[in-house]
Amino acid sequence: MHETVNSIFRSAFQAKLIDPSKLNRKQRKAFDDICKCKTLENGLHIDRCDSCGHELIHYNSCKNPCCPLCQAVEKEIWSMKQEFYVLNTHYFHVVFTLPSEINTLALIDPKLVYTLLFDCSAETLKQLSEDPQYLGAKIGFTSVLHTWGSNLSLHPHVHCVVSGGGTDRMGRWKSSKKKFFIPVKVMSALFKGKYLSRLKSSFDSDKLDNPDDFQKIIDQCYAKDWVVYTKKPMKDPSHVIRYLSRYTHRIAISNQRIISYTDGIVTFRYKDYRDHSKLKEMSLTVQEFFRRFMMHVPPHQFMRIRHYGFLGNRNKDERMKLLRSLTNTPDPGIFKLDMVKVISRVLKKDVSICPCCGNLRHPLLE
C-alpha cells in the first residue's frame, strides 16, 4: 500500500510521534480532517444500481482544501467553472517571490505577509499595464498563493496568469505583443518598493523577540534584487486552466511524491532548482515532515485564489459578455454543474454506467 500524507499522520499520531495540541485552530482542523478523510470515522454512503442491485461503498472525503487525498473533484469543478472566463487571447505566467529574509515575519504574522504579497503584486501589474508606455489597457489576471518550495520549505510567492491584452480608455480590446509587455526589472523594483513601504507601516515589530531586528530585515530586503519572472506565453486557453489547477487545491506536497514512511522517517521526491531542477530524494523525521506541512496551512478565512482587473467578481458576467465579443470568443452559455461529468473526468471513466451490468445507474451521485 502506497503511503499518503493521511496515512502517515494517522500512524504517527497513534504512535505518539507527533503532537497536534500546539497547532492553531485552522491547522488543527486540517489535521483532524486529513486523519479522518476516506475512513469509516468520516462515514460512508452506498451507491446501488437500479438495474442489478450492484452496490459500491464510498467512504466520505473530508473536503478540506489542505487535504491531498480528496481534492480532485473540487479541483475539477473549479477548472470547469474557470473555463467559462478564458478569452480568445494569449496568456502570460508571472511569478512574484518574497525574499527569504521575510520568512521570519511570515511565520509570526502570515495573514499580513501574504495579504501584502497579493495586494502589492496586483497593484504592480495593474499600474504598469495601464501605463501607455507598456500596454495602456486594463488587463485581467488570476493569482494563486504558493507558500512552499519543493522540499516543503517556506517559500512564499504568487503565480499570476495574466491576459495578453485588455481594454483601453475607449473600451476597445488592445492585444499585447507575444513577449511580456512589462520589463521584469521595472516590475521587480516597483513591487519591492510597494511591499516594503506597506510592510513598514503595517507589521508590529513588537511581535519579534527583538523589535530592533525588524529594521535589519527591512534594510536587508532593500539591499536585494527581488525575484519577479515570466515564462513563455500560454497559447491554448485550456492550458491556462490546467496550469492554474495544479496550485489551487493542494498545499505543500502531493501523495504521488511520497516514496516511503519507515521507522518514523518520511522519504519523498523533490526538484532541486539550484541544481538544474534535478529530481532528488529527501528524508525527514515525521516530526519535521509534520512541522513543514502544517506551516503551509493558510491563515483562518484566507483566500489563496484571487481574481483581478476584468476578472474581478463584481459584475463579472456582464463584463465578460462584452470582452467575448471584443476578442471573438464563443459564448459558452450558462454554466451548469454536472457531477457525473465531473467525477467521470476525474476517474477517466463513465461513472454513470454500472460496472456490473453495464446499464445506467441513475441513483448514483445524487
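As shown above, the structure is provided for reference.
In short, a report on the structure.

A short note on the packing of helix 1 (residues 5-14) against helix 2 (residues 25-36)
Next, step 1: Interhelical geometry of helix 1 versus helix 2 gives an angle of 105° and a closest axis separation of 8 Å. When the axes of helix 1 and helix 2 are compared, the pair comes out roughly perpendicular. In this structure, helix 1 contributes V5, N6, F9, R10 and F13 to the contact, and helix 2 contributes F31, I34 and C35.
Next, step 2: Taken together, the residues of the contact of helix 1 with helix 2 sort by class into 6 nonpolar, 1 polar and 1 charged.

Observations concerning the sheet that holds strand 8 (residues 228-230)
Next, step 1: As summarised here, the arrangement of the 5 strands in space is 8-3-5-4-12, forming an open sheet in which the pairing is antiparallel. Taken across any chain shown, the strands that pair with only one partner, and hence form the sheet edges, are strand 8 and strand 12 (305-309). With strand direction ignored, the average angle separating the axes of adjacent strands in the sheet is 20°.
Next, step 2: Pairing analysis gives 7 bridges linking strand 4 (residues 140-148) to strand 5 (residues 154-163), with the strands arranged antiparallel. Paired with F141 across the two strands is V162, which belongs to strand 5.

Examining the environment of C120
Next, step 1: Looking at the secondary structure, you find C120 in helix 5 (residues 110-129).
Next, step 2: Assessed through its relative accessible area of 0%, C120 is described here as buried.
Next, step 3: As for C120 and K192, which are separated by 72 residues in sequence, their C-alpha atoms are 8.5 Å apart.
Next, step 4: Here C120 is in contact with F191, K194, Y195 and R198, once residues within four sequence places are set aside.

Rules of the game
Residues numbered from 1 in each chain as written. Predicted model: local features only at pLDDT ≥ 70, side-chain atom pairs only at ≥ 80, totals over all residues. Heavy atoms only, no water. Axes fitted to C-alpha atoms, helices over the stretch in contact; angles between N-to-C directions. Helix = DSSP H or I, 4+ residues; strand = E, 2+ residues; numbered from the N terminus. Parallel < 35°, antiparallel > 145°, perpendicular 65-115°, else oblique. Contact = heavy atoms within 4.5 Å. Nonpolar A, V, L, I, M, F, W, Y, C, P; charged D, E, K, R; others polar. Pairing = 2+ DSSP bridges. Buried < 20%, exposed > 50% of the residue type's maximum accessible area, 1.4 Å probe, protein only.

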